[in-house]
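# Structural overview
Residues per chain, in single letters:
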Amino acid sequence: MLEYYEKRRSEYEAIYNKPERQGCLAQLEQKLCSLVAGKHVLEVACGTGYWTRRMATFTASLYASDASENLAVAARESCEDVDVQAGVVDAFSIPRSPEFNCLVAGFFFSHVLVQERSRFLAGVSAALCPSSRIVLFDNRFVPGSSTPISRKAESGDTYQNRSLVDGSSFEVLKNFPSTDQVASLLGELCRHVSTYENEYFWLVSGETLR
Ligand SMILES: C[S@@+](CC[C@H](N)C(=O)[O-])C[C@H]1O[C@@H](n2cnc3c(N)ncnc32)[C@H](O)[C@@H]1O
């Protein structure tokens, strides 16, 4: 997946231009920015920084991270007038981070294997102080707008075939859990779990218990 997203860097944000998604995207942005306002945020899997730029004027501080150093640097460089730090963090191995009271992961949960979901969430929760906010958001599957599912594994994981402008193609893990499924998993580690969804996107947030 890392190779795919590194290669896709220059064309990645075109996904945010789909005309039919603009209204829902604006609503998602509003919801996200209200949840991170005044928070010290660790963003994991920041990619090119699309959401980093949007959150940055609302947060008290923002550290954008990705497993790819190239993408973390791209995210940092895309934030021209705002104070954003950036670096490499593996979302499955987040160091203890008491300086943050909020963690955001946008469009990453869909790339977590079904059997890895609990491990990922437990790692996120363990990295944060008690009562920190976790915000996850991602795509809902919308026929005609979403890339079709090309394969479903016995594990329940689903995959898409994706092509880049240079003609290369990749099979990419892309799961579409229901908002309730994500809320239920987050509820094992968080209180005040709240959900939001519109036609194209879901967002689930909660406050860590431990
Ligand atoms: C779908 S993109 C999301 C980018 C950005 N959050 C957004 O919504 O525009 C998924 C990102 O996850 C990153 N990634 C993949 N595996 C990762 C891991 N184990 N830890 C952190 N980031 C990872 C990829 O490099 C890529 O930037």
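Structure shown above.
Residues numbered from 1 in each chain as written. Predicted model: local features only at pLDDT ≥ 70, side-chain atom pairs only at ≥ 80, totals over all residues. Heavy atoms only, no water.

### Considering the overall build of the protein chain
Heads up, the condition is: Put simply, DSSP marks the helices as runs of H or I at least four residues long and the strands as runs of E at least two long, and each gets a number from the N terminus on. C-alpha atoms define the radius of gyration in this analysis, and the globule rule sets the expected value at 2.2 Å times the number of residues to the power 0.38. Any two residues whose heavy atoms approach within 4.5 Å are treated as being in contact.
Counting secondary structure elements, the protein chain contains six helices and 10 strands. Whereas a compact globule of 210 residues would reach a radius of gyration of roughly 17 Å, the protein chain reaches 16 Å, a difference of no more than 12%. Along the longest, intermediate and shortest principal axes, the C-alpha atoms of the protein chain span 45 × 40 × 30 Å. Sequence-distant contacts, at least 24 apart, represent 59% of the contacts inside the protein chain between residues at least 6 apart.

### Remarks on the pattern of salt bridges
To be explicit about the condition: Basic side-chain nitrogens of Lys or Arg form a salt bridge, by our definition, when they fall within 4 Å of a carboxyl oxygen of Asp or Glu. Burial here depends on accessible area, computed with a 1.4 Å probe over protein chains only, as a share of the maximum for the residue type. Under 20% is buried, over 50% is exposed, and the range in between is partly exposed.
Enumeration according to the criterion identifies eight salt bridges in this entry. A salt bridge links Arg53 to Glu13, with the shortest nitrogen-to-oxygen separation between them at 2.7 Å. Linking Arg53 in helix H3 (residues 50-55) with Glu13 in the loop between helix H1 (2-7) and helix H2 (22-36), this pair joins segments that are 40 residues apart in sequence. For Glu13, a relative accessible area of 22% corresponds to the partly exposed category.

### Here we look at the packing of aromatic side chains
Keep this limit in mind: Stacked, edge-to-face and tilted are the three classes for Phe, Tyr and Trp ring pairs, Trp counted by its six-membered ring, which pair at centre distances within 6.5 Å; planes under 30 degrees apart are stacked, over 60 edge-to-face, the rest tilted.
Going through the model one piece at a time under the given rule, you end up with 20 aromatic pairs. Summarising the aromatic geometry, the rings of Tyr4 and Tyr5 are spaced 4.8 Å apart at their centres and angled 70 degrees between planes, so their arrangement reads as edge-to-face. Neither residue differs from the other here; Tyr4 and Tyr5 are each classed as buried. Through pairs of rings, three or more aromatic residues link up here, namely Tyr4, Tyr5, Tyr12, Tyr16, Tyr50, Trp51, Phe107, Phe137, Phe170, Tyr200 and Phe201.

### Some thoughts on the nonpolar core
Selection criterion: Buried Ala, Val, Leu, Ile, Met, Phe, Trp, Tyr and Cys residues that are joined via side-chain atoms within 4.5 Å together make up what is termed a nonpolar core.
Ranked by internal contacts, the top residues of the largest apolar core, which has 35 residues, are Leu32, Trp51, Val104, Val135, Phe137 and Leu203. At six residues, the largest contribution of residues to this core is made by H2. Listed in part, the 26 residues of the second largest apolar core include Leu128, Ala183, Leu185 and Trp202.

### Side note on the pairing of strand S2 (residues 61-66)
This is how it is decided: Paired strands, in this sense, are two strands between which DSSP finds at least two bridges. With strands facing away from the observer, any crossover in which the path from the first strand over the helix to the second runs clockwise is taken as right-handed.
Pairing of strand S1 (residues 40-44) with S2 involves four bridges; the strand directions are parallel. In the strand pairing of S2, Glu43 is matched with Ala64. Each parallel crossover has a hand, and the one from S1 via H3 to S2 is right-handed. Note that S2 and strand S3 (residues 85-88) share four bridges and pair parallel. Note that in S3 the partner of Asp66 across the bridge is Val88. Handedness of the crossover joining S2 and S3 through helix H4 (residues 69-78) is recorded here as right-handed.

### Some remarks on H4
Short version of the rule: Directions drawn from the helix axis to the C-beta atoms are what define this arc. Any pair of nitrogen or oxygen atoms within 3.5 Å is treated as a polar contact; in protein, a donor-acceptor pairing is required on top of that, and neighbouring residues in sequence qualify only through side-chain atoms on both sides.
Of all the residues in H4, the buried ones are Leu71, Ala72, Ala74 and Ala75. One side of H4 holds all its buried residues, which, seen down the axis, span an arc of 160 degrees. Exposed side of H4, more than 90 degrees from the buried face: Glu69 and Glu77 are the residues found there. As for H4, its buried residues are in contact with H1, H3, S2 and S3. Where H4 begins, the side chain of Ser68 points an oxygen toward the backbone nitrogen of Asn70, at a separation of 3.3 Å.

### Description of the site of the ligand
As a reminder of what qualifies: Only a single heavy atom is needed: when it lies within 4 Å of a molecule or strand, its residue is near that molecule or strand. Every accessible area reported is derived by Shrake-Rupley at a probe size of 1.4 Å, with residue values counting cover from the shown protein chains alone.
The local shell around the ligand holds 20 residues, among which Tyr16, Ala45, Asp66, Ala91 and Gly106 are the closest. In this structure, Trp51 approaches the ligand through a side-chain N or O atom, which is 3.4 Å from an oxygen atom. Gly106 places a main-chain nitrogen or oxygen 2.9 Å from a nitrogen atom of the ligand. Surface burial for the ligand is 95%, taken as the share of its 590 Å² of free accessible area covered by protein chains.

### A few points about unusual backbone geometry
If a residue is not glycine, its phi is most likely negative; likewise, a peptide bond is most likely trans. One non-glycine residue, Phe107, lies in positive phi territory at about 55 degrees. A residue is classified by how much of its surface remains accessible, and Phe107, at 9% relative accessible area, is buried. One non-glycine residue with positive phi stands out, namely Ser131, at about 65 degrees. Mapped onto the elements of the fold, Ser131 is located in the loop between helix H5 (117-127) and strand S5 (133-139). Taking the relative accessible area as the measure of exposure, Ser131 reaches 38% and is therefore partly exposed.

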